[in-house]
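Structural overview
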Amino acid sequence: MYPCLSIGLYIHIPFCASKCPYCDFHSFPGREYLMAAYVEALTSELDLRLRRSPDAQADTLFWGGGTPTLLPDSSIHSLGLFLQDCFPAGWKEFTVEANPGTVTPRKLEILLEIGVTRLSLGVQSFLDRSLNSLGRIHTRADSLNAFRAARASGFTRISLDLIYGLPDQSLSLWEDDLREAVSLQPEHISAYCLTLEPGTPFYGRWKRGELRLPDEEASVAMYEKTLETLERVRYRQYEISNFALAGEECKHNLRYWRGGPYWGIGAGAHSYFGGARSWNKKKLESYLSDLREGRLPVGGREWLPKEKRLGEAIMLGLRTLSGVDLQDLFRSNEVTPDGRYDTLIERFRAQGLLLYDPPNLRLTQKGFLVSDTIFCEFL
Ligand code: SF4
């Protein structure tokens, strides 16, 4: 008997009720008529992949988007049953991202029935004015109702997504959001700083001076307030933007940060496997037609040389609070330890951005604030 090949399985659901003006994710509003065909294509893609790698076992599953909970109940149910057939041994974790405006008691019941173990609620803010400016379809009341309904239906692992650095947001408004999130006692909280992605309506408005955002100093104060507030009530930071009660870290995302293999299923989804990265076609129609004709919808593939794999592994690992074991990464990527990072590490260490306790390398809190600049240097 062959040993199982443990992978993470990400399933991309690219449908949204409307497009939020800050979002550059691969998601579309107004394509609901393609949902049934899309779910069928997802099953075909997974089926094709499993024929090629029959020993693959998804230990962690993650439905992201887009808005997975926009799918009709019948589609969620059939996709879930298909996954149970594919992986009869079960999984360690199955997360579904849910938009509070789309959660119903029946949907929650179906999610539990198909083996979902973790719900990630995209709350973003508890202030209706902020939700409105973000173009979200839900309200504060929807978030509270969705959270309570999820608990009542039996979800024991719930994560709340929040965003800070919002238009016209003050430090005290952000504190209110944090306080409200904590009062619900979720197992996990993600707190992201709003980023302006070129090509989005928010970016255009900001360029034209029509969007008033907190400046850098205010954003840093919000980040520091997040650490202080959440750690005080036992949410431990384990990644730049992620906080969890003990043992409630997201296993699927930890797999990414530790450089583990994963398959991404769905339009535009990325996979990393055996030192190669590949990605699916982004255009919905091309994705669907390839699978209708029995072909994997591969958009591109890239073999990563050992040195590049090492740099990426360091970059991903440094996102976590525990950092990386440098010696181990050299070994696992088959690169001879040659001191190539010594000067870089010394420079960042002297600036108080990195801690190096050989072989462990990790960012300081000051380092987290400029992490993108540091990551670039390791690539
Ligand atoms: S709901 Fe999420 S994925 Fe959809 S447009 Fe808004 S931010 Fe993007």
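By convention here, each chain's residues receive numbers from 1 onward along its written sequence. Confidence filtering applies because this is a predicted model: local features only for residues at pLDDT of at least 70, side-chain atom pairs given and counted only at 80 or more, and all residues used for totals across whole chains, interfaces and linings.

Among the nonpolar cores identified, the biggest contains 62 residues, and Leu9, Leu42, Leu119, Leu121, Leu162 and Ile265 are the most heavily contacted of them. Not counting residues within four places of it along the chain, the set of residues in contact with Leu162 comprises Val123, Gln124, Ser125, Asp177, Ala181, Ile189, Ser190 and Ala191. Residues Ala313, Ile314, Phe330 and Ile345 belong to the second largest nonpolar core, which totals 18 residues. By definition, a nonpolar core groups buried Ala, Val, Leu, Ile, Met, Phe, Trp, Tyr and Cys residues that are joined through C-beta atoms within 7 Å. Counting other C-beta atoms within 10 Å of its own, a residue is labelled buried from 20 upward, exposed at 12 or fewer, and partly exposed in the gap between, with every C-beta atom placed from the backbone. Distance between backbone-placed C-beta atoms decides contact: two residues are in contact if it is within 7 Å.

This next bit is on helix α2 (residues 73-86). Here a strand is any run of E in DSSP of at least two residues, a helix any run of H or I of at least four, and the numbering for each starts at the N terminus. A helix is expected to span 1.5 Å multiplied by its residue count minus one. A rise of 1.5 Å per residue sets the reference length of α2, with its 14 residues, at 20 Å; its end C-alpha atoms lie 20 Å apart and thus fit the reference within 8%. Ile76, Leu79, Gly80 and Leu83 are the residues of α2 that are buried. An end-on view of α2 places all buried positions within 100 degrees of arc, on one side of the element. Residues of α2 that are exposed and angled more than 90 degrees away from the buried face: Ser74 and Asp85. Structurally, α2 contributes buried residues whose contacts are with α1 (35-52), β4 (56-65) and α3 (105-113). In this context, the arc is that of the directions from the helix axis out to the C-beta atoms.

So, about the sheet that holds strand β15 (residues 324-325). Pairing between two strands requires that DSSP report at least two bridges joining them. Here 3 strands make up an open sheet; going across it, the order is β15-β17-β16 and the pairing antiparallel. With one partner strand each, in any of the chains shown, β15 and β16 (354-357) form the two edges of the open sheet. Pairing analysis gives 4 bridges linking β16 to strand β17 (residues 360-363), with the strands arranged antiparallel. Looking across to β17, one finds that Leu354 is bridged to Leu363.

This part covers the packing of α1 against α2. Geometry is summarised by axes, namely lines fitted to C-alpha atoms with helices restricted to the contacting stretch, and by angles between N-to-C directions that run from 0 to 180 degrees. Look at α1 against α2: their axes get within 10 Å of each other, and the N-to-C directions meet at 5 degrees. Between α1 and α2, the angle is such that the two are roughly parallel. Only Ser75, Ser78, Leu79, Phe82 and Cys86 of α2 make contact with α1, whose side of the interface consists of Met35, Ala36, Val39, Leu42, Thr43, Leu46 and Leu50. Angle categories: roughly parallel below 35 degrees, roughly antiparallel above 145, roughly perpendicular from 65 to 115, and oblique for all the rest.

Another aspect to go through is the pairing of strand β9 (residues 236-239). Sheet topology places β9 next to strand β10 (residues 242-244); 3 bridges connect them, and they run antiparallel. Among the inter-strand pairings, Gln237 is bridged to a residue of β10, identified as Phe243. Following β9, the chain reverses through 2 residues before pairing antiparallel with β10.

The next point concerns α1. Note on helix geometry: an α-helix contains 3.6 residues per turn, so any two residues three or four positions apart are oriented the same way. Taking 1.5 Å as the rise per residue, α1 with 18 residues should run 26 Å; its terminal C-alpha atoms sit 26 Å apart, in good agreement. The complete set of buried residues in α1 reads Tyr38, Val39, Ala41, Leu42, Glu45 and Leu46. All buried residues of α1 lie within an arc of 160 degrees about the axis, which places them on one face of the element. Contacts made by the buried residues of α1 are with β1 (5-13), α2, β11 (262-265) and α10 (284-292).

Assigned domains within the protein chain: domain 1 (5-257) and domain 2 (307-378). Domain delimitation in this document rests on an assignment produced automatically or drawn from a domain database. Look at where the C-alpha atoms of domain 1 and domain 2 centre, and you get two points 28 Å apart. For the side of domain 1 that touches domain 2, the secondary structure elements donating two or more residues are α8 (216-232), β9 and α9 (251-257). In terms of residue count, β9 provides more of the side of domain 1 that touches domain 2 than any other element does, 3 residues in total. Any residue that is not Ala, Val, Leu, Ile, Met, Phe, Trp, Tyr, Cys, Pro, Asp, Glu, Lys or Arg is counted as polar, Gly included; the first ten are nonpolar and the last four charged. Of the residues belonging to the side of domain 1 that touches domain 2, the class tally is 6 nonpolar, 1 polar and 1 charged.

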